[in-house]
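Observations on the model geometry
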Amino acid sequence: ILSLILLYLQITNECLSSHAVASDSNYATTNKFEQALYEKLPQDTTEDEDNDNDNDNTDSSTASLQDEVSKLKEPDFLLIGVVKSGSTSLYHYIMQHPEISGVESEYLLPEDMRKKITNIINLRRQGKIPKIAKPKLSKMKEFGDGKNKMRISPGNNVKGSIYEINNFDLARMIKPIIDQKEVRFFDSFWYNHLQTVTNQSLLLAWKWYLEVFDQDTNAPKTLLRGEASPTYFASSQFTAERIVNWLPNVKLILLLRNPV
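All figures in this text were calculated on a predicted structure; none of them were measured in a lab.

Cut-offs applied
Numbers given for residues are sequential positions, taken from 1 along each chain in its written order. It should be noted that, the model being predicted, local features are given only for residues of pLDDT at least 70 and side-chain atom pairs only at 80 or more, the latter also being counted only at that level, while totals for whole chains, interfaces and linings use all residues. Hydrogen atoms and water are omitted, and side-chain values are computed over all heavy atoms in the structure. With axes taken as lines fitted to C-alpha atoms, and helix axes fitted only over the stretch in contact, angles between N-to-C directions fall between 0 and 180 degrees. Strands here are runs of E lasting at least two residues and helices are runs of H or I lasting at least four, both read from the DSSP assignment and numbered beginning at the N terminus. By definition, turning the near helix anticlockwise from the far helix through less than a right angle yields a left-handed crossing, and turning it clockwise yields a right-handed one. Contacts were defined at the residue level, with two residues in contact if any of their heavy atoms lie within 4.5 Å. We call Asp, Glu, Lys and Arg charged. Ala, Val, Leu, Ile, Met, Phe, Trp, Tyr, Cys and Pro are nonpolar, and the rest, Gly among them, are polar. Any two strands with at least two DSSP-identified bridges between them are counted as paired. For this analysis, a nonpolar core means a set of buried residues of the types Ala, Val, Leu, Ile, Met, Phe, Trp, Tyr and Cys, connected via side-chain atoms within 4.5 Å. With a 1.4 Å probe rolled over the protein chains alone, any residue whose accessible area is under 20% of its type maximum counts as buried; one over 50% counts as exposed, and the rest are partly exposed. Two joining distances apply to patches: 9 Å for like charges and 5 Å for nonpolar side chains (Val, Leu, Ile, Met, Phe, Trp, Tyr), and every residue must have over 30% relative accessible area and no salt bridge. Method for areas: the Shrake-Rupley scheme with a 1.4 Å probe, in which residue coverage is limited to the protein chains shown. The rule for a salt bridge is simple: a side-chain nitrogen of Lys or Arg has to be within 4 Å of a carboxyl oxygen of Asp or Glu. This arc is taken over the directions from the axis of the helix to the C-beta atoms. Each Phe, Tyr or Trp ring, with Trp reduced to its six-membered ring, pairs with another whose centre is within 6.5 Å; inter-plane angles below 30 degrees give stacked pairs, above 60 give edge-to-face pairs, and intermediate values give tilted ones. For a ring to carry a charge above it, either NZ of a lysine or CZ of an arginine must fall within 6 Å of the ring centroid while also lying within 35 degrees of the normal to the ring plane.

The next subject is the packing of helix 7 (residues 188-197) against helix 8 (residues 202-210). Each pair of packed helices gets described by two things: the angle between the helix axes and the distance between those axes. At a closest axis distance of 8 Å, the pairing of helix 7 and helix 8 adopts a crossing angle of 120°. Where helix 7 crosses over helix 8, the two elements pack in a sense that is right-handed. Where helix 7 abuts helix 8, its residues Tyr191, Leu194, Gln195 and Val197 lie against Leu202, Ala205 and Trp208. The residue makeup of the contact of helix 7 with helix 8, split by class, is six nonpolar, one polar and no charged.

Below is the structure:
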């Protein structure tokens, strides 16, 4: 009987070890878009009695953020391009309709984050923290096979810390929204850098994005919201996937021109 018990414990230990390895592997390869959607959906915040205070505070903060986001209105339409096709004129024509609202905020990042980024830039210029070189376009990597290859700049990937973003990119992030219409949230530059500055919290980045639109609780229920970022159409396939994941029912407006 003792031998059987030892054999059972050995098998159980091996199974648990295999499961842990598989879980780590699966977690490491989890699609970022699935993680984003997981954050976006309401989660069960019931805690076990054995959880420590740090976990309680984290889950409470997440639940609070989810509650805030759930009350925000999402854009109804996106003017996705193309560049130099008259998209700016069309956007302003659309904004003349009394039941259509566009980008209300001057900046995408909140003031406290802009101040933090400005401080990092100044510290680098003063030589108090290491400088980060701007990636060269020649180092862009190709993904895919055959005719479906895409070139992606290594400078636009998600970093481990805001201090890993170079000054050139940081300076772009604290500038006003272009023409107060081009938020560019779904572009790789913004989408990936926002994950970095929010410590991998796409939900917080999503909250910032939604807050650029009219969130007046007294606004008419028929009010339509939208933005115009012509770069969306010409960006990589990841831009389209992000839009589908976050705004599956959004209306897309596309202007084409000849010659293209």
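On we go.
A few words now on the sheet that holds strand 2 (residues 100-101). Spatially, 2-5-1-6 is the arrangement adopted by the four strands of the open sheet, whose pairing is parallel. Of all strands in the sheet, those with a lone pairing partner are strand 2 and strand 6 (251-254), marking the two edges. When strand 1 (residues 77-81) meets strand 6, the two strands line up parallel, connected through four bridges. The partner of Leu79 across the bridge, within strand 6, is Ile253.

For the rest of this paragraph, the subject is the nonpolar core. Grouped together as the largest cluster of nonpolar side chains are 43 residues, with contacts concentrated most on Leu78, Phe185, Phe186, Leu194, Trp206 and Tyr209. Going through the elements one at a time, helix 3 (53-70), strand 1, helix 5 (111-125), helix 6 (167-173), helix 7, helix 8 and helix 10 (237-246) are the ones with two or more residues in this core. Of the residues forming this core, the biggest block, seven residues, is contributed by helix 8. Sequence-distant contacts of Leu194, defined by excluding residues within four places in its chain, comprise Leu108, Leu109, Met173, Phe185, Ala205 and Trp208.

With that out of the way, let us pick up a nonpolar patch on the surface. There is a patch of nonpolar side chains on the surface, built from Phe233, Leu254 and Leu256 and spanning about 300 Å² of accessible area. With respect to the helices and strands, the residue Leu254 is situated in strand 6.

One can find His92 in helix 4 (residues 87-95). The class for His92 is partly exposed, based on a relative accessible area of 39%. Sequence separation between His92 and Ala228 is 136 residues; the distance between their C-alpha atoms is 9.8 Å.

Among the five residues in strand 1, five count as buried, and that is most of the element. Examined bridge by bridge, strand 1 and strand 5 (residues 224-228) share three bridges and lie parallel to one another. When the sheet's bridge partners are listed, Leu79 is paired in strand 5 with Ala228.

This part is about the side chain of Thr239. Along the chain, Thr239 turns up in helix 10. Ignoring sequence-local partners within four residues, the contact set of Thr239 consists of Phe186, Asp187 and Tyr232.

Helix 7 sits mainly inside the fold: ten of its ten residues count as buried. Here helix 7 has its buried residues at Ser188, Phe189, Trp190, Tyr191, Asn192, His193, Leu194, Gln195, Thr196 and Val197. Looking one or two places after helix 7, you find Asn199, whose phi comes out positive at around 60°.

Our next topic: helix 4. For helix 4, the complete set of buried residues consists of Ser87, Tyr91 and Ile94. The arc enclosing the buried residues of helix 4, seen along the axis, measures out at 65°, which places them on a common side.

By the definition in use, this model includes six salt bridges. Salt-bridge contacts for Lys207 lead to Glu68; the nearest nitrogen and oxygen are separated by 3.7 Å. Linking Lys207 in helix 8 with Glu68 in helix 3, this pair joins segments that are 139 residues apart in sequence. You can call Lys207 buried: its relative accessible area is 13%. For Glu68, a relative accessible area of 37% translates into the label partly exposed.

In total, this model carries eleven aromatic pairs according to the counting rule given. With centroids separated by 5.0 Å and ring planes inclined at 90°, the aromatic side chains of Phe185 and Phe186 adopt a geometry described as edge-to-face. Seen from their ring centres, Phe185 and Tyr209 are 4.6 Å apart, and the 25° between their planes marks the pair as stacked. Separated by 24 residues along the polypeptide, Phe185 in the loop between helix 6 and helix 7 and Tyr209 in helix 8 bring together distant segments of the chain. For the pair formed by Phe185 and Tyr209, the shared burial category is buried. Put simply, the rings of Phe185, Phe186, Tyr191, Trp206, Tyr209, Phe213, Tyr232 and Trp246 touch in pairs and so form one group of aromatic residues. If you follow Arg114 out to its NZ or CZ, it ends over the ring of Tyr107, 3.8 Å from the centre. In this structure, Lys134 is placed above the aromatic ring of Phe168, and the distance from its NZ or CZ to the ring centre is 3.7 Å.

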